[in-house]
Amino acid sequence: MLISITSTTPDATDLGYLLHKHPDRVRSVDVGFGKAHVFYPEATPDRCTATLLVEVDPISLSRRRKGSQTQSLEPYVNDRPYAASSMLSVALGRLFGSAMAGSCEARPELVDTALDLEIEVPVVAATGGEEVLRRLFEPLGYEVGCSALVLDDQFPDWGDSRYLAVHLSGSVPIQSALQHLFVLLPVLDGRKHYWVGPDEIDKLLRRGGDWLRSHPDHEFITRRYLRFGGLAREALARLSDGIDDSDRVDEAQDVAEAEVERPLSLNEQRTLAVLAAVERAGGGRVADLGCGEGRLLQRLLDQSFVSALLGIDVSIGALERAERRLRLGQMSERRRDKLELAQGALTYADDRLVGVDVATVVEVIEHIDPERLDVFARVLFGRSAPATVIVTTPNSEYNVHFERLTPSRLRHGDHRFEWTRSEFQNWAVEVSEQYGYSADFLAIGPDDPETGPPTQMVVFRRAEMAL
Ligand code: SAH
């Protein structure tokens, strides 16, 4: 992927001082997921262009994503090598971190100088298209030009792809332009290839503090940049308080950033979201129903808020794999006493579930025949009636983002159905009314404005427990 920044303010070669990169040299660095190179195709007093080229190695990226069960080719064949995304931001931070922080020892007077800049990004995956592109950049004073890229120039009938070639021009200090790109390219892309962790708030406030506060779409930007509801809320609160105590960026931090921003699979995001919900519910005796290979059990077992843990699955093979994953044989007696694995079907009454405080049902209901869902609900909510039940399932609306799936196809061969958000919510509300629970819905993974997130979650609380 590629981005070019051209200055036409004489002496245009000042760009070299500002970017801390000499126009006569090529600078290459390793960015963790590939290599980034900076070079100057043109460097004259009237016009000077710095180009950042990022070579992404999708194979090493997918190898680093441990635990991914996907059988698809998507990790190997995808748009990451050429479409601007959060990875381009990481490379911008890594190579132009000092410029983004406003340091220029050689020519400090240049830092605040607005330059006539032209910025070219030949391939941008723009979720929301031209409209969102304009909404993001025009309020910052850029003139925005773009053209849609055809899907395949051999087959013009196929129409346009979702990628745009983008041209921005404006009179802006280089520091601001880099900050705008750093924050807004991943926002425009709308997907997150990299982990969104709590330190992302600091990064957003550092790079976006001043201009983001006054941007008319700062809420939309913050939500899309941070994805997770809780993080976005905290950042919005800090933005409106005007707390921006960290306007300093050092290169060491940028190096660390590429390391920290490791890919976080949807699986991991789901596990974290469920863990957090179990903790919010107060933990206690927890049952993971349809526990599969025990990925969630493994994490729950370490939590002090979990006093006893029961894993149930219909598949003996899955339970055996769970035993191996959890190293049941080598487990200390104390841990072993906390855990029970048992075979069972969710559509039959099960006395082992009596007295459970929290039940988790993660990516399981879509494996149950729709006509058996009533029995599942009766057995769990009617008979065992845990104080809290946490259910996740795919959101079928999100499937349009999976390039290898048509909208009507299912994500997994054993899925009996996949629900839209409203189908899921209707089911959950019906269950909650029938059995006396409240229902709160949460998004897991990138919450796309049109399709919603890839995974949907509901937290049921038994009515007398709900505050
Ligand atoms: N919760 C796990 C596994 C999800 S896969 C995770 O998130 O990783 C779905 C699991 O549900 C499989 O292990 C399957 O064996 C189990 N399952 C499907 N139908 C079931 C039923 N009726 N009763 C119990 N387990 C069931």
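Scroll up to find the structure this text is about.
Residues numbered from 1 in each chain as written. Predicted model: local features only at pLDDT ≥ 70, side-chain atom pairs only at ≥ 80, totals over all residues. Heavy atoms only, no water.

Caption draft 1: Molecular detail of the overall build of the chain. For the chain, the helix and strand inventory stands at 16 helices and 14 strands. Counting the 467 residues in the chain, one finds 51% classified as buried. If you sum the accessible surface of the chain, you get close to 21300 Å²; carbon and sulfur atoms cover 48% of it. (Helix = DSSP H or I, 4+ residues; strand = E, 2+ residues; numbered from the N terminus. Buried < 20%, exposed > 50% of the residue type's maximum accessible area, 1.4 Å probe, protein only. Areas by Shrake-Rupley, 256 points an atom, 1.4 Å probe, with all protein chains shown as cover.)

Caption draft 2: The arrangement of the environment of S86 in detail. Note that S86 resides in helix α3 (residues 86-95). The exposure class of S86 is buried, given its relative accessible area of 2%. S86 sits 102 residues away from L188 along the chain, and the two C-alpha atoms are 9.5 Å apart.

Caption draft 3: Spotlight on the site of the ligand. Every one of the 13 residues lining the ligand counts as a neighbour, but G290, D313, V314, L346 and V362 are closest to it. D313 has a polar side-chain atom sitting 2.6 Å from an oxygen atom of the ligand. Between V314 and the ligand, the recorded distance is 3.3 Å, taken from a backbone N or O atom to a nitrogen atom. Relative to its unbound accessible area of 570 Å², the ligand is 78% covered by the protein chains. For the shell around the ligand, the class distribution of residues is six nonpolar, five polar and two charged. (Near = heavy atom within 4 Å. Polar contact = N/O pair within 3.5 Å; in protein donor to acceptor, adjacent residues only side chain to side chain. Nonpolar A, V, L, I, M, F, W, Y, C, P; charged D, E, K, R; others polar.)

Caption draft 4: Region of the structure containing the pairing of strand β14 (residues 455-462). Burial within β14 is extensive, with six of its eight residues counted as buried. Taken together, the seven bridges between strand β12 (residues 388-394) and β14 define a ladder with antiparallel strand orientation. The residue bridging V389 from the neighbouring strand is F460, located in β14. Of the strand pairs in this sheet, strand β13 (residues 437-444) and β14 are connected by eight bridges, and their pairing is antiparallel. Each bridged residue has a counterpart across the sheet, and for A443 the counterpart in β14 is Q456. (Pairing = 2+ DSSP bridges.)

Remember that the coordinates give geometry; whether it matters functionally is a separate question.
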